[in-house]
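Inside the fold
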Amino acid sequence: MTTELTAPHPAAPAVAGHRWRWIALAVILTAEVMDLLDVLVTNLAGPAIRADLGGSPSVIQWIGAGYTLAMAVGLVTGGRLGDLYGRRRMFLVGVLGFTAASAACALAGNPGTLIAARVAQGLLGALLLPQGLGLIKEMFPPEQLAAAFGAFGPVMGISAVGGPILAGWLVDADLAGTGWRAIFLINVPLGLLAALGAARFLPASRPGHATRLDLPGVALLSVAVFLLVHPLVQGRELGWPRWSFAMLAGAVVVLAVFARYEQRRQRAGRDPLVVPALFRRRAFTGGLVAGLAFFTALGGFSLVFSLYLQLGLGWSPLRAGLAGVPQALGMVAAFVLAGAGLAQRLGRRLIHLGLGVVLAGVAGMLLTLTLAGADVTPWRMTPALLAVGFGMGLVMAPFFDIVLSGVEEAETGSASGTLTAVQQLGGALGVALLGTVFFDGLTDSVSHAVRVTLLAELGLLLVTVAGAFLLPRRAREGVGGGH
């Protein structure tokens, strides 16, 4: 799921207005909904998928992590492919490929095939999503851009609330014997509708400037991310063998090689995947630390909460989906409040305020589950979930604008693409790291597992609090960091 609405590549100058721009916006939003649903529903359907296909508990983690990892490493390159070959063309390739990968997920007969199809979904999503954001900047005149981007909030909010409920209902209803497969089959009509709309209503223009692809950089980053996540997911099941620690150390080495390669590429006058100068800016490095910790906490909480309700309490997927509604509603309310001017007035203080609310919510959830035990009800969890969702929304609303205000204008494209990739990487790490903590705690009991995981969640949030102090005090107050 992406929330940052800055295109990860240079945008074309705004035109007077594309004739079909509002219908085209609906097409783009359909693609965004497909991405968001595929993040949310698999967390909820994980136990049902494993029960049907078999495999170890790590299958549940890989179903989510495979998707977000592939998207993380492909986002910046996906945006640049739109510059090279045209955004509408790449949008069509992405949406048709994503639809085909969704069908492959629905037809998967074993865990390996499903995970491979999820990786394909992530790569094609990384090609699809940046095109939509760039097309909006291209189609709408400046005075309508705010309204166009403002449409994302309500649509994403409705999807966040309705997506898990729909997924739970589809799994429980077992329509025509499809069970969990229906959560992927629903993408097929959505994807075909979006493809038809794109062919008819999206403009066929092509930006004048096209940056060159940094494919060796993408390869190095992909290897580093795999070396980091694979042992976190598989190491626990295999008793943490020596190779798992060797892979973690190898991830550090490959990241160092990647950094060195990017510096050499820039000095040679070629376009790097990530502009090395960004890491000398306090706002950006602080944003990376805070963002990685926060989105790891966010991604992990969603998975573990769903696992606890279904594996620990024995709730059905539909009941588990309904139980998560207060968190989604809290997040939507926070976005509305922040968009009404609170983000501009408070700036960085809103991030710290939101983190305080999230910390209180997670602590409240820990206390609720400890006191209630197996007698916990959705109503008992509602106050804590509202706080978690509301606080997360307060953090996310101003986050990207504030971080990007600390970099030079020429670096914004690379910075925004990197931050969006970090958001996806955090989601994958959350599934891998907190999922591993949860499954490791199951050797004692489910209640112990969820308590230990929530304590780890609190630790990640405290890291986010510390990293946020490095950010500028408010968005667009200047460049260069140091605020």
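Reading guide: rules and limits
- Residues numbered from 1 in each chain as written.
- Predicted model: local features only at pLDDT ≥ 70, side-chain atom pairs only at ≥ 80, totals over all residues.
- Heavy atoms only, no water.
- Phe/Tyr/Trp six-rings, centres within 6.5 Å; stacked < 30°, edge-to-face > 60°.
- Lys NZ or Arg CZ within 6 Å of the ring centre and 35° of its normal.
- Axes fitted to C-alpha atoms, helices over the stretch in contact; angles between N-to-C directions.
- Helix = DSSP H or I, 4+ residues; strand = E, 2+ residues; numbered from the N terminus.
- Parallel < 35°, antiparallel > 145°, perpendicular 65-115°, else oblique.
- Left-handed = near helix turned anticlockwise from the far one by under 90°.
- Contact = heavy atoms within 4.5 Å.
- Core = buried A, V, L, I, M, F, W, Y, C linked by side-chain atoms within 4.5 Å.
- Buried < 20%, exposed > 50% of the residue type's maximum accessible area, 1.4 Å probe, protein only.
- pLDDT = per-residue confidence, 0-100.

Overall, the coordinates contain 10 aromatic pairs when judged by the stated rule. In this structure an aromatic cluster arises from ring pairing among Phe294, Phe295 and Phe399. If you follow arginine 319 out to its NZ or CZ, it ends over the ring of tryptophan 315, 3.9 Å from the centre.

Right, let's get into the packing of helix 11 (residues 282–312) against helix 15 (residues 378–404). Two elements in contact, helix 11 and helix 15, have axes separated by 11 Å at closest approach and are oriented at 155°. In this view, helix 11 runs roughly antiparallel relative to helix 15, as classed from their interaxial angle. Every pair of crossing elements has a handedness; the one defined by helix 11 and helix 15 is left-handed. Along the contact surface, helix 11 presents Ala283, Phe284, Gly287, Ala290, Gly291, Phe294, Phe295, Leu298, Phe301, Phe305 and Leu309, while helix 15 presents Met381, Leu385, Val388, Met392, Val395, Met396, Phe399, Phe400 and Val403.

Before going further, it helps to examine the nonpolar core. Membership of the largest hydrophobic core comes to 99 residues, with the highest contact counts inside it found for Leu114, Phe294 and Met381. Per element, the largest residue contribution to this core is 14 residues, and it comes from helix 11. Residues in contact with phenylalanine 294, not counting those within four places in the same chain, are Leu355, Met392, Val395, Met396, Leu461 and Thr464. If you look at the next biggest cluster of nonpolar residues, it comprises 21 residues, including Ile28, Val95, Leu135 and Ala148.

Quick look at the confidence of the model for the protein chain now. On average, residues of the protein chain score 83 in pLDDT, and 91% of them are at 70 or above. Of the regions scoring below 50 in pLDDT, residues 4–15 engages in 44 contacts with residues more than four places distant in sequence or in other chains. Long-range and interchain partners of residues 477–483, a stretch whose pLDDT sits below 50, account for 21 contacts in this model, where long-range means more than four residues apart.

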